[in-house]
Amino acid sequence: MAKKRVMSGMRATGQLHIGHYLGVLVNWLQMQDQYDCFFAVADWHMLTTGFAKTEGLRENTRQLVLDYLAAGVDPAKATIYVQSSILETAELHLILSMITPVNWLQRDPTLKEMVRELHLAEDHVSYGLLGYPALQTADILGPMGELVPVGEDQMAHIEISRDIARRFNHLFGVDLFPEPQGLLTPTPVVFGTDGRKMSKSYGNDLKLADDEKSINSKVMSMVTDPARLRKDDPGHPEVCMIYNGWETYASEKAPEIATLCRAGEIGCVQCKRNLAVQVNERLAPIQARRRELETDPGMLDDIVIAGNARARQATQETLAKVRDAMHLNQPYNRT
Ligand code: TRP
Ligand code: SF4
């Protein structure tokens, strides 16, 4: 039997942080060994909110490809590509938009949250932003993605993808599209330095590319147990962001830290320093790979060109079937 298709992507909005890594990428790394994976850089999706400020888009796209590779996505196993290079995705999006009820999109809680969190003015909530989940559905169904490893905030969009796939199959009496399934990692939510969900827009993130010095100062700024005034006061790890960091970044050491903390046998400054060492250790191999890749920009281009060709081929095959199922004209001008 053919391997299951996996499709996922991230928006090209800037450098990735540890929340992306633990919340999404660790699944990609695992899945590339078992499945036929398509991982896109979603540069069109960046336009849904960022249409007025696009000068960084090309560089961000490059950086995101680098982040994928540095994190360990292997182009020999997975198809890495750029969303906007697959022109057929735009056609599929257009077709799917015709069968997608507006109120499915209006109800999407993640879209509502984006409008709220980004304080988007009414004239910034565009037709394209409303169509965000429909475009994402075109991304997924283009290569017939069945499994979609994403962050928690994306699950609402994928529910809509399932509904659109089901509606298509039902309307046209076919069994063409799989109903894609979202997939979370064991740590779907990672907390940032201020105790809120780690997010670039909150400015509380630890970036994959942060050097040792910035990780150290970010970790030192994290809030600990406020009731602990002296170093030998018994601590309460359950209310401490540093302890949460231990559970997240070095869970095997967390029980020992909890014991030392409760007994007042470790000071918070020492505890923070030790945690920063752990984080830096986890980032070191990722950063080493990134530095190596940066020395060979031509290789990055070759990887994306090859990935684009594979993703495009898969999406073209899907589109031909979609046109047949719907009795649409096949293009007269192509061979
Ligand atoms: N919306 C996703 C995010 O913000 C990115 C994305 C675009 C995506 N197309 C996708 C994710 C298809 C999964 C499948 O991260
Ligand atoms: Fe938090 Fe560590 Fe201080 Fe305990 S010792 S309160 S776990 S920083």
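As the structure is a prediction and not an experimental result, all values here were calculated from the model. (Residues numbered from 1 in each chain as written. Chains lettered and ligands numbered in written order. Predicted model: local features only at pLDDT ≥ 70, side-chain atom pairs only at ≥ 80, totals over all residues. Heavy atoms only, no water.)

*Asks:* Just to check I follow, could you spell out the site of ligand 1 for this structure?
*Replies:* Close to ligand 1 lie 14 residues; His-45, Tyr-132, Gln-136, Asp-139 and Gln-154 are nearest. In the environment of ligand 1, a nitrogen atom lies 2.8 Å from a nitrogen or oxygen atom belonging to the side chain of Gln-136. Between ligand 1 and the protein, one listed contact pairs a nitrogen atom with a side-chain N or O atom of Gln-154 at 2.8 Å. Surface burial for ligand 1 is 92%, taken as the share of its 370 Å² of free accessible area covered by protein chains. Secondary-structure elements contributing two or more residues to the shell around ligand 1 are β1 (5–11) and α8 (132–141). Among the elements that take part in the shell around ligand 1, β1 stands out by supplying 5 residues, more than any other. Looking at the shell around ligand 1, its residues break down into 7 nonpolar, 5 polar and 2 charged. (Near = heavy atom within 4 Å. Polar contact = N/O pair within 3.5 Å; in protein donor to acceptor, adjacent residues only side chain to side chain. Areas by Shrake-Rupley, 256 points an atom, 1.4 Å probe, with all protein chains shown as cover. Helix = DSSP H or I, 4+ residues; strand = E, 2+ residues; numbered from the N terminus. Nonpolar A, V, L, I, M, F, W, Y, C, P; charged D, E, K, R; others polar.)

*Asks:* When you look at the domain arrangement of the protein in this model, what are you seeing that I'm missing?
*Replies:* Interfaces are often sized by the amount of accessible area the parts lose when they come together. Each domain of the protein was delimited in the assignment, giving domain 1 (5–190 + 297–326) and domain 2 (210–291). Distance between the C-alpha centres of domain 1 and domain 2: 34 Å. Across the boundary between the two partners, domain 1 contributes 11 residues, which contact 8 residues of domain 2. Each partner contributes to the roughly 840 Å² buried at the junction of domain 1 and domain 2, and carbon and sulfur atoms together form 61% of this total. (Domains from an automatic or database assignment. Contact = heavy atoms within 4.5 Å. Buried area = accessible area lost by both parts, 1.4 Å probe.)

*Asks:* Looking at this model, I keep getting lost on the site of ligand 2. Mind explaining?
*Replies:* Close contacts around ligand 2 come from Thr-224, Asp-225, Arg-228, Cys-240, Ile-242, Tyr-243, Cys-261, Ile-266, Cys-268 and Cys-271, and that covers them all. Because more than half of its atoms lie within 2 Å of the grid, ligand 2 is assigned to the largest cavity. Taken together, the elements giving at least two residues each to the shell around ligand 2 come down to α11 (241–249) and α13 (268–294). Looking at the shell around ligand 2 residue by residue, the class counts come to 7 nonpolar, 1 polar and 2 charged. (1 Å grid on protein atoms, 1.4 Å probe; cavity = no way out; pocket = protein on both sides within 12 Å on 5 of 7 lines; lining within 4 Å. Sits in = over half its atoms within 2 Å of the grid points.)

*Asks:* What's the story with unusual backbone geometry in this structure? I'm lost.
*Replies:* A negative phi angle is the norm for most residues apart from glycine, just as the trans form is the norm for most peptide bonds. If you check the backbone angles, His-119 has positive phi at about 50 degrees while not being a glycine. One non-glycine residue, Met-144, lies in the positive phi region at around 60 degrees. Tracing the chain through its elements places Met-144 in the loop between α8 and β4 (147–149).

*Asks:* Help me understand empty space enclosed by the protein in this model?
*Replies:* Rolled over the atoms, a probe sized like a water molecule indicates the empty space that remains. Following the criterion strictly, the structure yields 4 cavities of 30 Å³ or more and no others. One number sums up the size of the largest cavity: a volume of about 120 Å³. Surrounding the largest cavity, 13 residues form its lining, Arg-228, Cys-240, Cys-261, Cys-268 and Cys-271 being those nearest its centre. For the lining of the largest cavity, the secondary-structure elements that each account for two or more residues are α11, α12 (254–262) and α13. Per-class residue counts for the lining of the largest cavity are 9 nonpolar, 1 polar and 3 charged. (Points joined across faces, edges and corners; volume = space filled by probe spheres on them.)

*Asks:* Can you walk me through the nonpolar core in this structure?
*Replies:* Grouped together as the largest cluster of nonpolar side chains are 57 residues, with contacts concentrated most on Ile-18, Leu-25, Tyr-68, Val-73, Trp-246 and Tyr-249. When residues of this core are assigned to domains, at least three fall in each of domain 1 (5–190 + 297–326) and domain 2 (210–291). With residues near it in sequence (within four places) discarded, Ile-18 still touches Gly-23, Met-198, Leu-206, Leu-208, Tyr-249, Val-279 and Leu-283. Judged by nonpolar contacts, the second largest core, of 19 residues, contains Ala-138, Ile-164, Phe-168 and Ala-325. (Core = buried A, V, L, I, M, F, W, Y, C linked by side-chain atoms within 4.5 Å. Buried < 20%, exposed > 50% of the residue type's maximum accessible area, 1.4 Å probe, protein only.)

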